[in-house]
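Read off the chains here:
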Amino acid sequence: MRVLLVDDDPAIAETVRRTLVAEGWVVDTATDGLTGLQKALSEPFDVVVLDIMMPGRNGYEVVRDLRRAQVWTPVLMLTAKDGEYDQADAFDFGADDYLTKPYSAVVLVARLRALARRGAPERPAVMTAGSLSLDPSAHVVKRGDTELSLTRREFALLEFLMRNKGQAVTKTQIVDSVWDVNYTGDENVVEVYISYLRKRIDAPFGCKSIQTVRGVGYRLDDDG
């Protein structure tokens, strides 16, 4: 198995490298995110082990750029960042697994074996509505060839609407899916975010893909 290890801490990188070499694996290394990204884009690996806080490119940016380039090599984030939002961000950007330092060498090897057995997944389906497209894995939204910048909440709202394209959905359904079933705020927050979304995905392109369905809620159609 061929592994790319990207970590800017020489001591940790050498410890991990020795652990993996002892398993009979071929290990290539990089000490910054930019070099790691270039190697992962240009060379075949069975799995990538990626730190988060690094010079050049941080781990989030590396995995995001790999997925945007349609490189689906399994990625395990190996990092000292142990917050739940750190892990959520990693998975949102396209990581396949997450392990915090200090780590168990036995667990690290087992997880890498599992990722290697799974292999690079098939490219996830890109959802479309007319000229609008959303790639849930690469976290990319485009109108035609133009990539759009959305906040996390806007992205989640658009993804929900696209998964229910052509169907009228209520504010309650949107809040339960995009916010939280325990959300106790005003449901009119949906109107605010629908307005934000229209300004980003429709107005600049002369489109009206998000329709208001009186007495019900909203519906996403093709360009309109």
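Residues numbered from 1 in each chain as written. Predicted model: local features only at pLDDT ≥ 70, side-chain atom pairs only at ≥ 80, totals over all residues. Heavy atoms only, no water.

**Student:** Summarise the overall build of the protein; cite the residues concerned and give the values.
**Tutor:** Of the regular secondary structure elements, the protein holds 8 helices and 12 strands. Overall size of the protein, expressed as C-alpha extent along the three principal axes, is 65 × 40 × 30 Å. Evaluated residue by residue, the protein yields a buried proportion of 43% over its 224 residues. Across the protein, every contact between residues at least 6 apart in sequence was considered, and the portion connecting residues at least 24 apart equals 56%. (Helix = DSSP H or I, 4+ residues; strand = E, 2+ residues; numbered from the N terminus. Buried < 20%, exposed > 50% of the residue type's maximum accessible area, 1.4 Å probe, protein only. Contact = heavy atoms within 4.5 Å.)

**Student:** Explain the domain arrangement of the protein to me, and be specific about the residues and the numbers.
**Tutor:** According to the domain assignment, the protein contains domain 1 (2-118) and domain 2 (127-220). Here domain 1 and domain 2 have C-alpha centroids that lie 33 Å from each other. Taken together, the contact between domain 1 and domain 2 spans 7 residues of the former and 6 residues of the latter. Across the domain 1 to domain 2 interface the summed buried area is about 590 Å²; carbon plus sulfur atoms make up 42%. Two residues, Glu 147 and Arg 68, come together in a salt bridge whose shortest N-O distance is 3.3 Å. (Domains from an automatic or database assignment. Buried area = accessible area lost by both parts, 1.4 Å probe. Salt bridge = Lys/Arg side-chain N within 4 Å of Asp/Glu carboxyl O.)

**Student:** Break down the pairing of strand S2 (residues 26-30) for me, with residues and values.
**Tutor:** Note that strand S1 (residues 2-6) and S2 share 5 bridges and pair parallel. In the sheet register, Arg 2 faces S2, and the bridge partner there is Val 26. Where the polypeptide runs from S1 across helix H1 (residues 10-22) and back to S2, its parallel neighbour, the crossover connection is right-handed. (Pairing = 2+ DSSP bridges. Right-handed = clockwise from strand over helix to strand, strands pointing away.)

**Student:** Can you explain the sheet that holds strand S6 (residues 127-129)? Please cite residues and give values.
**Tutor:** Taken in spatial order, the 4 strands make up an open sheet running S6-S7-S8-S9, and their pairing is antiparallel. This sheet does not close on itself; its edge strands, each paired only once, are S6 and strand S9 (146-148). The mean inter-strand angle of the sheet, taken between neighbouring strand axes irrespective of direction, is 25°. Here 3 bridges tie strand S8 (residues 140-143) to S9, and the two strands are oriented antiparallel to one another. By the bridge assignment for S9, Val 141 is matched with Leu 148. On the sheet, helix H6 (residues 152-163) packs against S6, strand S7 (132-135) and S8 and is oriented at approximately 110° with respect to S7. (Axes fitted to C-alpha atoms, helices over the stretch in contact; angles between N-to-C directions.)

**Student:** Provide a residue-level description of the sheet that holds strand S3 (residues 47-50), including the pertinent values.
**Tutor:** Strand order in this open sheet of 5 strands is S2-S1-S3-S4-S5, and the pairing throughout is parallel. Each edge of the sheet is formed by a strand with only one pairing partner; in this case those strands are S2 and strand S5 (97-100). When the angles between neighbouring strand axes are averaged without regard to direction, this sheet yields 20°. Here helix H3 (residues 59-68) sits on the sheet and contacts S3 and strand S4 (75-79); the angle it forms with S4, its principal contact strand, is near 175°. Across the sheet, helix H5 (residues 105-118) is in contact with S3, S4 and S5; its angle to S5 comes to roughly 170°.

**Student:** A description of the nonpolar core should follow, citing residues and the corresponding values.
**Tutor:** Counting residues in each nonpolar core, the largest one holds 26 residues, and the members touching the most others are Leu 158 and Ile 174. For this core, the secondary-structure elements that each account for two or more residues are S6, S7, H6, helix H7 (171-179), helix H8 (189-201) and strand S12 (217-220). Membership of the second largest hydrophobic core comes to 20 residues, among which are Val 6, Ala 30, Val 75 and Ala 95. (Core = buried A, V, L, I, M, F, W, Y, C linked by side-chain atoms within 4.5 Å.)

**Student:** Account for the environment of Val 27, naming residues and giving values.
**Tutor:** The residue Val 27 is located in strand S2 in this model. Of the residues examined, Val 27 reaches a relative accessible area of 18% and is grouped as buried. As a C-alpha pair, Val 27 and Arg 17 span 10 residues in sequence and 6.5 Å in three-dimensional space. Apart from residues lying up to four places away in sequence, Val 27 is in contact with Val 3, Leu 5, Arg 17, Leu 20 and Val 21.

**Student:** An account of the UniProt feature "modified residue: 4-aspartylphosphate" (unreviewed entry) in the protein is needed here, citing residue identities and associated values.
**Tutor:** In this structure's numbering, the residues bearing the UniProt feature "modified residue: 4-aspartylphosphate" (unreviewed entry) are Asp 51. Overall, Asp 51 belongs to the buried group, its relative accessible area being 6%. Dropping the residues within four chain positions of it, Asp 51 is found in contact with Val 6, Asp 7, Asp 8, Gly 59, Met 77, Leu 78, Thr 79 and Lys 101. (UniProt positions renumbered as here; feature names shortened; annotations may be inferred.)

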